[in-house]
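Chains, contacts and geometry: an overview
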Amino acid sequence: MSSFFNFTIDAECPDTWARAGTIQTPHGTIQTPIFMPVGTQATVKSVSPEELHEAKAQIILANTYHLMLRPGSQLIADFGGLHSFMHWDGPILTDSGGFQVWSLGHMRKLNEDGVVFKSHIDGSIHTLTPERVMQIEAEIGADIVLPLDICAPYPCAPAEARKAMEWTHRWEERALVEKERQRPEQTLFGIVQGAFEPELRAQSAHTIGAMPFQGLSIGGLSVGEPKQEMWEMLKHVTPNLPRDKPRHLLGVGSPEDLVFGVGMGMDMFDCVLPTRVARHGGLFTNTGRVSIKKARFRTEHGPIDAECDCYTCRTYSAAYVHHLARTEEQLYYRLGSIHNIRFMLRLAEQLRNSILNNNYPAFRDEFLERYIPASEESRESQREKWKAAAQARHNT
Ligand SMILES: [Zn+2]
């Protein structure tokens, strides 16, 4: 793998922090803003790499924590790295495993050197240090890798949040050194932490932004807090980040998060939500998220979403997809996931075009006006909340 990585800004919105950019990696070009489908176990659940390409996925994310436990990073290296093991030839980003250690691992013991934890699968004991994570990620061989971090819980006392942030910063310095020893050609993003303390968020953005990382991931958000708190924190992060590095909002999000997050200056997004909700019958449409299992789709001759260009919508009626979902047929998981992934990617394309056409604020407002986020219940009350949220953004 060559060391080639480059980020250029193609256009910036004059009224918000939105920007459109181009990232070049050894496995191809990524046009931002972009949504990254998540392949936790080296597979985007129920969707093949060919289908990901067909949906115009440009980069996928894989989880270091899961892959180090199963099948093991050495085995992946023996197969020539993750691209070749899973037969995906586009760019890949691996997270550091830090978030999963905090959310899934048991009996965690933290010390300056690293973290010892019990696997959630078989109870085996593992140690992750900033150096070990760089070694594992070198074996997995993704284009973009993240350093080990400490994700503070929500809520979290200010002193604890500061301690976790400072600790993470020290670990990130060690990761930079170790990455050069392991695979200097890999691109290492820094992770901004700081929990829900505005001052810490600003400080972390400034500190990590000044270190020689090639991009920045914003961690520790979308961990159970109300959405408004997440956007509030980004107000203190974005202005303190360097303009010329790509920004990744870790673990976010939904269609509405993508639309908002772009305005907050974020370039890259990843989340299991689109495929997870699809498996439970939740499908995105241009007017909001619907449950395909609802009776109103039983006789629907048209596609799930008349505006969608995905394989599912081009090929099948909503009535057929409804039938598959109701009977819990395996094909449903594939068709539903393809639709939601393509919806996210098409939304990212629309956001990019709106920025290039100097039209992002109008696109955002029009989207918020018509898109009902989650359930179909109390549509009006959701719309009101939504308008209030958009208004808050206008006032910043
Ligand atoms: Zn579709």
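Look up a bit, the structure's there.
Structural notes, computed from the coordinates. Everything numeric here is computed off the predicted structure, so don't read it as measured data.

Some words on the overall build of the chain
Across its full length, the chain carries 16 helices and 16 strands. The C-alpha atoms of the chain give a radius of gyration of 21 Å, which matches the 21 Å a tight globule of 396 residues would have. Taken over the C-alpha atoms alone, the chain extends approximately 60 × 50 × 40 Å along its principal axes. Buried positions account for 57% of the 396 residues belonging to the chain. Long-range pairs, those at least 24 residues apart, make up 67% of the contacts in the chain between residues at least 6 apart in sequence. On the chain, roughly 15700 Å² of surface is accessible, and the fraction owed to carbon and sulfur atoms is 51%. Positive and negative side-chain charges of the chain, numbering 41 and 48 respectively, have mean locations separated by a distance of 4 Å.

Some remarks on the coordination of the zinc ion
For the zinc ion, the full set of protein donor atoms is Cys308 (SG), Cys310 (SG), Cys313 (SG) and His339 (ND1), at a range of 2.1 to 2.3 Å. Coordination at the zinc ion comes from 4 donor atoms whose angles at the metal span 98 to 118 degrees, giving a geometry best classed as tetrahedral. Between consecutive donors of the zinc ion, the numbers of intervening residues give the motif C-x1-C-x2-C-x25-H. Taken as a pair, Cys308 in the loop between strand 16 (288-291) and helix 12 (311-315) and His339 in helix 14 (residues 330-356) lie far apart in primary sequence, 31 residues in all.

Some words on the sheet that holds strand 1 (residues 6-12)
Here we have 3 strands laid out as an open sheet, ordered 1-2-3, and antiparallel in their pairing. Both edges of this open sheet fall to strand 1 and strand 3 (28-32), since each of them pairs with a single strand only. Taken pair by pair, the neighbouring strands of this sheet meet at an average axis angle of 15 degrees, ignoring direction. In this structure, strand 2 (residues 19-25) lies alongside strand 3, joined through 5 bridges in antiparallel fashion. Its bridge partner lying in strand 3, Thr25 is registered against Gly28. In the packing of helix 14 onto the sheet, contacts are made with strand 1, strand 2 and strand 3, and the angle to strand 2 comes to roughly 120 degrees.

Brief notes about the sheet that holds strand 6 (residues 92-94)
In spatial order, the strands read 4-5-6-10-11-12-13-14; together these 8 strands close into a barrel with parallel pairing. Alignment of strand 13 (residues 247-249) against strand 14 (residues 268-271), held across 2 bridges, turns out to be parallel. What sits directly across from His248, in strand 14, is Met268. Sheet strands in contact with helix 8 (residues 198-210) are strand 11 (187-192) and strand 12 (215-218), and its direction is about 160 degrees off that of strand 11.

A word on the environment of His106
Within the secondary structure layout, His106 lies in strand 7 (residues 106-110). Classification of His106 by relative accessible area gives partly exposed; the value is 43%. When the C-alpha positions of His106 and Arg247 are compared, they lie 31 Å apart, and in sequence the two are 141 residues distant. Dropping the residues within four chain positions of it, His106 is found in contact with Phe117, Lys118, Ser119 and His120.

As for the nonpolar core
Leu82, Leu128, Ile218, Leu234, Leu249, Met268 and Ile292 are the most contacted members of the largest nonpolar core, which has 120 residues in total. Broken down by element, this core gets its largest block of residues, 11 residues, from helix 14. Apart from the residues within four sequence positions on either side, Leu82 is in contact with Ala42, Ala62, Leu67, Ile76, His87, Ile92 and Ile140.

Here's the deal with the pattern of salt bridges
Here the structure, examined in full by the defined rule, presents 19 salt bridges. Between Arg334 and Glu51 there is a salt bridge, with the nearest N and O atoms lying 2.4 Å from each other. One end of the pair, Arg334, is in helix 14; the other, Glu51, is in helix 1 (residues 49-54), and 283 residues separate them in sequence. By relative accessible area, which is 30% here, Arg334 ends up partly exposed. By relative accessible area, which is 16% here, Glu51 ends up buried. In this structure, a network of salt bridges that share partners links the residues Asp113, Glu131 and Arg174.

What to know about the pairing of strand 1
The pairing of strand 1 with strand 2 spans 6 bridges and is classified as antiparallel. Looking at strand 2, one finds that Glu12 is bridged to Arg19. Where strand 1 hands over to strand 2, the hairpin turn is made up of 6 residues, counted between the paired strands.

Focus on unusual backbone geometry
Pro33 follows Thr32 through a cis peptide bond whose omega is 0 degrees. As for its position among the elements, Pro33 is in the loop between strand 3 and strand 4 (34-39). For the bond running from Arg70 to Pro71, omega is 5 degrees, close enough to zero to count as cis. In this fold, Pro71 is placed in the loop between helix 2 (64-69) and helix 3 (73-78). Residue Ala42 is not a glycine yet carries a positive backbone phi of 60 degrees. The residue Ala42 is located in the loop between strand 4 and helix 1 in this model. You can call Ala42 buried: its relative accessible area is 13%. Positive phi, normally seen in glycine, also occurs at Ser46, with a value near 70 degrees. Along the chain, Ser46 falls in the loop between strand 4 and helix 1. On the basis of relative accessibility, which here comes to 36%, the residue Ser46 falls in the partly exposed class.

Each value, and the rule that gives it
- Here the residue index of a chain counts from 1 through its sequence in written order.
- Totals for whole chains, interfaces and linings use every residue, but because this is a predicted model, local features are given only for residues with pLDDT of at least 70 and side-chain atom pairs only at 80 or more, for both listing and counting.
- No hydrogens and no water enter the side-chain calculation; it runs on all heavy atoms of the structure.
- Helical segments are the DSSP runs of H or I of at least four residues, strand segments are the runs of E of at least two, and each set is numbered from the N terminus.
- Each radius of gyration reported is based on C-alpha atoms, and the globular scaling rule is 2.2 Å times the count of residues to the power 0.38.
- The buried label goes to any residue with under 20% of its type's maximum accessible area, the exposed label to any with over 50%, and the partly exposed label to all in between, with areas taken from a 1.4 Å probe on protein chains only.
- Any two residues whose heavy atoms approach within 4.5 Å at even a single point are treated as in contact.
- Using the Shrake-Rupley algorithm and a 1.4 Å probe, accessible areas are obtained, with residue cover drawn only from the displayed protein chains.
- Only four residue types enter the charge count, namely Lys and Arg as positive and Asp and Glu as negative; His and the chain termini do not.
- Where a charge sits is defined by one atom per residue type, namely NZ (Lys), CZ (Arg), CG (Asp) or CD (Glu).
- Distances define the donors: N, O and S atoms within 2.8 Å of the metal qualify, as do those within 3.2 Å of Na, K or Ca. Water is excluded, so some sites may look unfinished.
- Here a site with four donors is tetrahedral if all angles are between 85 and 135 degrees, and a site with four or six donors is square planar or octahedral if opposite donors are over 155 degrees apart and the other angles are between 65 and 115; anything else gets the irregular label.
- Only strands joined by at least two bridges in the DSSP assignment are considered to pair.
- Angular values range over 0 to 180 degrees, each being the angle between N-to-C directions of two axes fitted as lines to C-alpha atoms, with helices fitted over their stretch in contact.
- Residues belong to a common nonpolar core when they are buried Ala, Val, Leu, Ile, Met, Phe, Trp, Tyr or Cys residues joined through side-chain atoms within 4.5 Å.
- A carboxyl oxygen of Asp or Glu within 4 Å of a side-chain nitrogen of Lys or Arg is what we treat as a salt bridge.

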